[in-house]
Amino acid sequence: MGAGGGGAPELYELPPGEPDPGRGPGILSGLRQEGARGVLIAVVSTFVVAAAIAFAVSRSPNWPAVKEAFFNGEEFRSSFPDIAAKFIRNVEYFVVAEVFILAFALLLAVMRSLSGPVFFPIRALSILYTDLFRGIPTILVVYLLGFGVPSLSLTGVPSSATFWAVVALILSYSAYVAEVYRAGIESVHPSQAAAARSLGLSRWKTFRFVVIPQAVRRVVPPLLNDFVGLQKDTALVAFVVVVPEAFKEAQIIQNADFNFTPLLAAALLFLLVTIPMTRLVDWLVSRQRRRRQVATAL
Amino acid sequence: MNGPRADGEALRLEAIHKSFGKLEVLKGIDLSVADHEVICLIGSSGSGKSTMLRCINLLEPVDAGRITVRGEEITATGVDVNRIRRHIGIVFQAFNLFPHMTVIRNVTLAPMEALGMSKAEARARALELLERFGLADKREEYPDRLSGGQQQRVAIVRALAMKPDIMLLDEVTSALDPELVAEVLNVIRELAAGGMTMVIATHEMGFARDIAGRVCFLDAGRILEEGPPERIFSAPREERTRRFLQSIIEAGRM
Ligand SMILES: Nc1ncnc2c1ncn2[C@@H]1O[C@H](COP(=O)(O)OP(=O)(O)OP(=O)(O)O)[C@@H](O)[C@H]1O
Ligand SMILES: [Mg+2]
């Protein structure tokens, strides 16, 4: 295995006991050990810091103008329901794209892992694809396909800009997700494949039953991170599609009312989805780490 | 694969050569193993024991030489390696159980997916084997919840579930805490008593003396000396064999 894989795959798993340089302590770290007293101190200090920031901001001479343009309560209340209704579209784009991305990216990663000279063209194709689509800004792909393909009015090809915008997201994100899968596949020790092959399992069955399940399990956290990115990037559809989703709807209202608050309402909607996902990733990472520590302690 | 041969030969290695890059690891290995025979491979670290076993299982392609199993040349071009491997079980030093599967799934995977056995039949066979080796109550556990000795016994059961003609064991007790070694060795003794043909690489000299029909001393990629254990251990002919056994005694492993 390992066609041209250099360097350690970047995973969220670290050798047990090693401090993770990329991540500080979890947000709740220290609270559990300290108990009720710790919670009290955290609440009080949070309150003090928040009050200090609020005081400083509201004392600023520019605050009234900023508040009027960005944090207008009336504007928020009137625009939020409309934008939220359109946000359903973002969720739809996300779900549809993600399903295809997960499958297509896995195919790309498997293609790249095929060893042996016979498979060279397949490997090369997969590498070329991921290099290309990781190198092109997603927005550019969305523009190219979303405007470009419908303008050709080809027969037998869908002409909906929405369709092609979502296809663009799928093509672009699949390249990233394929790399995540590949890191996972390469992290499965070759002795696992050897054990499966030694039992007479074919190459493909070894992949299917032994390598891929372990690879996917290990890369769930980085996969979810890409989910977060995709959820945000569904807003790019707004650049080529007339039917508004949340971002476009917010822009329309902003233009009509000369107020930026609707954009913040849209931002809030995205956060409502992405923040729980991010927290879930953190939780999964720390759970994986704990499990590994338990496993090695045995 | 063929049935037992009239002359009783299970496995034959002829002039096997194997290199990794510039390093020649096997420099012409000849060996003939009879049905029901137990061969122990001894020799210092790096002498090529693991490589030899991996070649027999076709996990490593040989550079030159022939390997035949019951008269069929398995190193010929175009043989179906998957079919060959179904008849040759191998157990590794590091167990290599599938960590994402329960014990029973580890054992039934290959019979179902490589032999096309039904789930019920594969489970029945697995349970019988697990029962026989005292692992029935662990069948729904994941490997990381088992002791090293239990994991290695599961690995042996996993190989046995394919009903192999030959078992290759590569230092199966080296990764175990001393108090867990005996339970695994007892399993191997039982297999030997049942007539299983085995080639065993081991550092456990007491065990080799006990179980082997023949001991082969591997030195720098060659079988330097072979014979019944009584002779090899008490009257080695070669100076290097003597030195190797001396070092084992000094290390307190015999
Ligand atoms: N895949 C490989 N690539 C390169 N060199 C290898 C490979 N496998 C084994 N070797 C080398 O081949 C030599 C023999 O290794 P082998 O594992 O067969 O020895 P061994 O007799 O089993 O030793 P030990 O008792 O330590 O297990 C060693 O020098 C080892 O470094
Ligand atoms: Mg070895």
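Residues numbered from 1 in each chain as written. Chains lettered and ligands numbered in written order. Predicted model: local features only at pLDDT ≥ 70, side-chain atom pairs only at ≥ 80, totals over all residues. Heavy atoms only, no water.

**Section: the overall build of chain B**
Argument step 1. Counting its secondary structure elements, chain B contains 9 helices and 10 strands.
Argument step 2. Whereas a compact globule of 254 residues would reach a radius of gyration of roughly 18 Å, chain B reaches 18 Å, a difference of no more than 12%.
Argument step 3. If you line up chain B on its principal axes, its C-alpha atoms span 55 × 45 × 40 Å.
Argument step 4. For chain B, with 254 residues in total, the buried portion stands at 56%.
Argument step 5. In chain B, 66% of the contacts between residues at least 6 apart in sequence involve partners at least 24 apart.
Argument step 6. Split by element, the accessible area of chain B, about 10,600 Å² in all, is 47% carbon and sulfur.
Argument step 7. Taking the average place of the 33 positive charges on the side chains of chain B and the average place of its 36 negative ones, the gap between the two points comes to 2 Å. (Helix = DSSP H or I, 4+ residues; strand = E, 2+ residues; numbered from the N terminus. Rg over C-alpha atoms; globule rule 2.2 N^0.38 Å. Buried < 20%, exposed > 50% of the residue type's maximum accessible area, 1.4 Å probe, protein only. Contact = heavy atoms within 4.5 Å. Areas by Shrake-Rupley, 256 points an atom, 1.4 Å probe, with all protein chains shown as cover. Lys, Arg positive; Asp, Glu negative; His and termini not counted. Charge placed at Lys NZ, Arg CZ, Asp CG, Glu CD.)

**Details of the domain arrangement of chain A**
The accessible area lost on association of the parts is a frequent measure of interface size.
Argument step 1. For chain A, the assigned domains are domain 1 (27–66) and domain 2 (79–297).
Argument step 2. For domain 1 of chain A versus domain 2 of chain A, the distance between C-alpha centres works out to 36 Å. (Domains from an automatic or database assignment.)

**Points about the site of ligand 1**
Residues and elements named next belong to chain B.
Argument step 1. Lining the immediate environment of ligand 1, one finds 13 residues, of which Ser45, Gly46, Lys49, Ser50 and Thr51 sit closest.
Argument step 2. At 2.8 Å from an oxygen atom of ligand 1 is found a main-chain nitrogen or oxygen belonging to Gly46.
Argument step 3. In this structure, Gly48 approaches ligand 1 through a main-chain N or O atom, which is 3.0 Å from an oxygen atom.
Argument step 4. Protein burial of ligand 1: of its 630 Å² of free accessible surface, 61% is covered by the chains.
Argument step 5. When residues in the shell around ligand 1 are grouped by element, the largest group, 3 residues, is from helix H1 (residues 49–56).
Argument step 6. Residue composition of the shell around ligand 1, by class: 3 nonpolar, 8 polar and 2 charged. (Near = heavy atom within 4 Å. Polar contact = N/O pair within 3.5 Å; in protein donor to acceptor, adjacent residues only side chain to side chain. Nonpolar A, V, L, I, M, F, W, Y, C, P; charged D, E, K, R; others polar.)

**Brief notes about the interface of chain B and chain A**
Argument step 1. Residue-level contacts link 25 residues of chain B with 19 residues of chain A.
Argument step 2. Interface area lost by chain B to chain A is led by Phe98(B), His100(B) and Glu113(B), which between them contribute 31%.
Argument step 3. One can count 1 salt bridge joining chain B with chain A.
Argument step 4. Among the ionic pairs, Glu113(B) bridges to Lys205(A), the shortest N-O distance being 3.3 Å.
Argument step 5. Run the count over chain B and chain A and you get 5 residue pairs in polar contact (both at pLDDT 80 or more).
Argument step 6. Breaking the side of chain B that touches chain A down by element, the ones donating at least two residues are helix H2 (81–85), strand E6 (88–91), helix H3 (103–113) and helix H5 (148–160) of chain B.
Argument step 7. With 4 residues, the single largest contributor to the side of chain B that touches chain A is H3(B).
Argument step 8. Grouping the amino acids of the side of chain B that touches chain A by side-chain chemistry returns 14 nonpolar, 4 polar and 7 charged. (Buried area = accessible area lost by both parts, 1.4 Å probe. Salt bridge = Lys/Arg side-chain N within 4 Å of Asp/Glu carboxyl O.)

**Remarks on the packing of aromatic side chains**
The way to describe two aromatic rings as a pair is by their centre distance and the angle between their planes.
Argument step 1. If you walk through the whole model with that rule in mind, you get 13 aromatic pairs over all chains.
Argument step 2. With a centroid separation of 5.1 Å and an interplanar angle of 85°, the aromatic rings of Phe163(A) and Trp164(A) are classed as edge-to-face.
Argument step 3. Look at Phe163(A) and you get partly exposed, because its relative accessible area is 37%.
Argument step 4. Among the aromatic side chains, those forming a connected cluster through ring pairs are Tyr143(A), Phe147(A), Phe239(A) and Phe247(A).
Argument step 5. The ring of Phe98(B) has Arg158(B) lying over it, and the distance from NZ or CZ to the ring centre is 4.5 Å. (Phe/Tyr/Trp six-rings, centres within 6.5 Å; stacked < 30°, edge-to-face > 60°. Lys NZ or Arg CZ within 6 Å of the ring centre and 35° of its normal.)

**A word on the sheet that holds E6(B)**
Residue and element names in this part refer to chain B.
Argument step 1. On the basis of which strands lie adjacent, the open sheet formed by 6 strands has the order E6-E7-E8-E3-E9-E10 and mixed pairing. Looking at which strands have only one partner, the edges of the open sheet turn out to be E6 and strand E10 (222–227). Here the average twist between neighbouring strands, direction ignored, is 20°.
Argument step 2. Sheet topology note: the strand E7 (residues 166–170)/strand E8 (residues 197–201) ladder contains 5 bridges and is parallel. When the bridges of E8 are listed, Met167 appears paired with Met198.
Argument step 3. Along the sheet, H1 makes contact with strand E3 (38–42), E6, E7, E8 and strand E9 (214–219), crossing E7 at roughly 150°.
Argument step 4. Across the sheet, helix H6 (residues 178–193) touches E3, E7 and E8, and the angle it forms with E8 is around 150°. (Pairing = 2+ DSSP bridges. Axes fitted to C-alpha atoms, helices over the stretch in contact; angles between N-to-C directions.)

**Concerning unusual backbone geometry**
A negative phi angle is the norm for most residues apart from glycine, just as the trans form is the norm for most peptide bonds.
Argument step 1. Within the chain, Leu58(B) stands out as a residue other than glycine whose phi angle is a positive 65°.
Argument step 2. Even without being a glycine, Glu171(B) presents a positive backbone phi close to 45°.

**Section: the pairing of E8(B)**
Residue and element names in this part refer to chain B.
Argument step 1. Along E8, 5 of the 5 residues are buried, which leaves the element largely enclosed by surrounding structure.
Argument step 2. Here E8 shows two buried faces, one formed by Thr197, Val199 and Ala201 and the other by Met198 and Ile200.
Argument step 3. Relative to E8, E3 runs parallel, the two being bridged by 4 bridges. Paired with Leu41 across the bridge in E8 is Ala201.
Argument step 4. The parallel pair E7 and E8 is bridged by H6, and the resulting crossover is right-handed. (Right-handed = clockwise from strand over helix to strand, strands pointing away.)

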